[in-house]
Amino acid sequence: MNEVIVISLLVLSIFGFLAGGVWVGLTLAGTAWLGMELFSSRPAGDAMAITIWGAASSWTLTALPLFLWMGEILFRSRLSEDLFKGLAPWLERIPGRLLHTNIVGCAVFAAVSGSSAATCATIGKMTIPELTRRGYPEDKILGTLAGAGTLGLLIPPSIIMIVYGVAADVSISKLFIAGILPGILLAVLFMGYIIVWALMHPDQIPQAGERMSFMQKVYQSRHLIPVILLIAAVLGAIYTGFATATEAAVLGVVGALLLSLLQGSLSWKVFKDALMGATRLYCMIALILAGAQFLTLSMGYIGLPRALAEWIASMGLSQFGLVIALMLFFVVLGCFLDGISIVVLTMGVLLPTVTAAGIDLIWFGIFLVFVIEMAQITPPVGFNLFVLSGMTKKELPYLARAAFPMFALMIVGILLLYFIPEIATWLPRNMKL
């Protein structure tokens, strides 16, 4: 009962701070300080200083700002325009036609971005006007884009995976490689849905454009070569053991700068805007991580992780029951918090329980990304919905309804991941270290 009172007070304090407009990182640190002052004998001041310094000085975290910078550079290049030119000729003859450019475009851009919002915004800026002009149904354009944008979290490099790897002390390189097959699986599920829907509603799909010969399609695909080479260099360096995640991030930044230079889109303004954009985003994430590390320490001193683990253990859930319970827990949490906050807030408490249940931490990382992806398209704090709302001026409930089939397919993906865990574990188990 005491633990319930403590948890209730901490949760109330978190939502109280957030409702007052306090930044998420400062909210977490403030709640942790209150918890230690009220329920622990340990002095809060020196614990906060030591913990925040430890969180900020982690070498593993170096990969995060570098991947953010790489994504920002490419976000400001002509990559999205080139993606559409290269992909469209190959997708015209598949049921659903150019709706598939949302899925494939997001999957490709996700492999050089790491951010769901950046993936959604970049591909959306290019596909929404083009598909609307050609007469594709608006709800399908926006729904598939909202769902496919979440691939930015699952297909490596992924910011969420870096944060989870640091929080759970798991190899980030293995997490990156583990996300490849689940990312492809989710993209295939999305494309399968479009094909089935298009076959059931052929009257809503515009006629195909002018037929191209095979060689014409190949010629158009030349626009894809630079980005595919960059993806292959970054992921290949990690998988072969040639580079760590941090070293591969450096390779990605250099490659993105070269790509932007060759495209003619690299200017001093683009360079400065990309650097400042990545810096601002990393500072926000770093503050959240520091506050969350302090909150994790605070909860450890209060004894909440042990109490929660004992409570979940006392429920007698099977491994499958625990996975389903955690999926519901994270989806509900995602209605109020962003993905990074979810990871850093919950890992210190839940990891002992997950480990005790015999769940592989690499697999759990991919599962966690899946459920956070689901949270990206659920209101009221669905980041992808916010991005699309800002771009199209549509209301969040309309966008959430349009994205619901993608949400349902993510549940299917989680079930496949549980019953066939090798989807996530086979590649990292066979990679060279």
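Parameters at a glance
- Residues numbered from 1 in each chain as written.
- Predicted model: local features only at pLDDT ≥ 70, side-chain atom pairs only at ≥ 80, totals over all residues.
- Heavy atoms only, no water.
- Helix = DSSP H or I, 4+ residues; strand = E, 2+ residues; numbered from the N terminus.
- Rg over C-alpha atoms; globule rule 2.2 N^0.38 Å.
- Buried < 20%, exposed > 50% of the residue type's maximum accessible area, 1.4 Å probe, protein only.
- Contact = heavy atoms within 4.5 Å.
- Core = buried A, V, L, I, M, F, W, Y, C linked by side-chain atoms within 4.5 Å.
- Patch = residues over 30% accessible without salt bridge, like charges linked within 9 Å, V, L, I, M, F, W, Y side chains within 5 Å.
- Areas by Shrake-Rupley, 256 points an atom, 1.4 Å probe, with all protein chains shown as cover.
- Salt bridge = Lys/Arg side-chain N within 4 Å of Asp/Glu carboxyl O.
- Axes fitted to C-alpha atoms, helices over the stretch in contact; angles between N-to-C directions.
- Parallel < 35°, antiparallel > 145°, perpendicular 65-115°, else oblique.
- Left-handed = near helix turned anticlockwise from the far one by under 90°.
- Nonpolar A, V, L, I, M, F, W, Y, C, P; charged D, E, K, R; others polar.
- pLDDT = per-residue confidence, 0-100.
- Phe/Tyr/Trp six-rings, centres within 6.5 Å; stacked < 30°, edge-to-face > 60°.
- Polar contact = N/O pair within 3.5 Å; in protein donor to acceptor, adjacent residues only side chain to side chain.

Each helix and strand counted, the chain has 23 helices and zero strands in total. In terms of overall dimensions, the chain is globule-like: its C-alpha atoms have a radius of gyration of 22 Å, near the 22 Å expected for 433 residues. Along the longest, intermediate and shortest principal axes, the C-alpha atoms of the chain span 75 × 50 × 45 Å. In the chain, which comprises 433 residues, the proportion classed as buried is 55%. Within the chain, contacts between residues separated by at least 24 positions form 79% of all contacts whose residues are at least 6 apart in sequence.

Moving on: the nonpolar core. Residues Tyr164, Phe330, Trp363, Phe364 and Phe367 are the most contacted members of the largest nonpolar core, which totals 142 residues. Look past the residues within four positions of tryptophan 363 in its chain and what remains in contact with it is Val323, Leu417, Tyr418, Pro421, Ala424 and Thr425.

Along the chain, threonine 144 falls in helix H8 (residues 138-149). Of the residues examined, threonine 144 reaches a relative accessible area of 1% and is grouped as buried. Not counting residues up to four positions away in its chain, the partners in contact with threonine 144 are Leu99, Asn102, Ile103, Ile194 and Met406.

On the surface, Phe320, Val412, Leu415, Leu416, Phe419 and Ile420 cluster together into a nonpolar patch covering about 480 Å² of accessible area. Of all the elements, helix H22 (residues 396-419) adds the most residues to the nonpolar patch, at four residues. By secondary structure assignment, the location of phenylalanine 320 is in helix H18 (residues 319-333).

What follows deals with the packing of helix H2 (residues 24-39) against helix H16 (residues 268-302). It is the contact of H2 with H16, at a shortest axis distance of 7 Å, that shows an interaxial angle of 20°. By the angle between their axes, H2 is roughly parallel relative to H16. Between H2 and H16 lies a crossing of left-handed hand. Contact residues: H2 offers Val24, Gly25, Leu26, Leu28, Ala29, Thr31, Ala32, Trp33, Gly35, Met36 and Phe39, while H16 offers Leu287, Ile288, Gly291, Ala292, Phe294, Leu295, Ser298, Tyr301 and Ile302. Among the residues forming the contact of H2 with H16, the class breakdown is 15 nonpolar, five polar and no charged.

Scored by pLDDT, the chain comes out at a mean of 81, with 91% of its residues at no less than 70. Averaged over each element, pLDDT in the chain is lowest for helix H17 (residues 304-314) (66) and highest for helix H12 (residues 180-200) (93).

Below, the discussion takes up the packing of H18 against helix H20 (residues 361-375). It is at 9 Å that the axes of H18 and H20 come closest, and there the two elements cross at 40°. With respect to H20, the element H18 is oriented oblique. Of the two elements, H18 crosses H20, and the hand of that crossing is right-handed. Here Val323, Leu326, Met327, Phe330 and Val331 of H18 lie close against H20, whose contacting residues are Trp363, Phe364, Phe367, Leu368, Val371 and Met374.

Let's shift gears to the packing of aromatic side chains. Evaluated as defined, the whole model comprises eleven aromatic pairs. Seen in terms of ring centroids, tyrosine 418 and phenylalanine 419 are 5.2 Å apart; in terms of plane orientation they differ by 85°. Their pairing is edge-to-face. One aromatic cluster is present, built from ring pairs that chain together Tyr164, Phe320, Trp363, Phe364, Phe367, Tyr418 and Phe419.

Moving on: unusual backbone geometry. The backbone phi angle of arginine 97 is positive, close to 45°, even though this residue is not glycine. Mapping arginine 97 onto the fold places it in the loop between helix H5 (79-91) and helix H6 (100-113). The backbone of aspartate 169 shows a phi angle near 55°, a positive value even though the residue is not glycine. Within the secondary structure, aspartate 169 is located in the loop between helix H10 (159-168) and helix H11 (172-178). In this structure aspartate 169 comes out as exposed when scored by relative accessible area, which is 73%.

What follows covers the side chain of asparagine 102. Along the chain, the position of asparagine 102 falls in helix H6. Residue class for asparagine 102 comes out buried when judged on its relative accessible area of 0%. Excluding its chain neighbours within four sequence positions, the residues that come into contact with asparagine 102 are Ile123, Thr127, Leu131, Ile141, Thr144, Leu145 and Ala148.

It is worth spelling out the environment of glutamate 138 at this point. Mapped onto the elements, glutamate 138 comes out in helix H8. Considered as a pair, glutamate 138 and alanine 402 are 264 residues apart in the sequence and their alpha carbons are 9.0 Å apart. Setting aside residues up to four positions removed in sequence, glutamate 138 forms contacts with Lys394 and Tyr398. In this structure the side chain of glutamate 138 is engaged in a polar contact, spanning 3.2 Å, whose partner is the side chain of lysine 394.

Taken together, the buried positions of helix H23 (residues 422-430) are occupied by Ile423, Ala424, Thr425, Leu427 and Pro428. Lining the buried residues of H23 we find H11, H12, helix H14 (225-239), H20 and H22.

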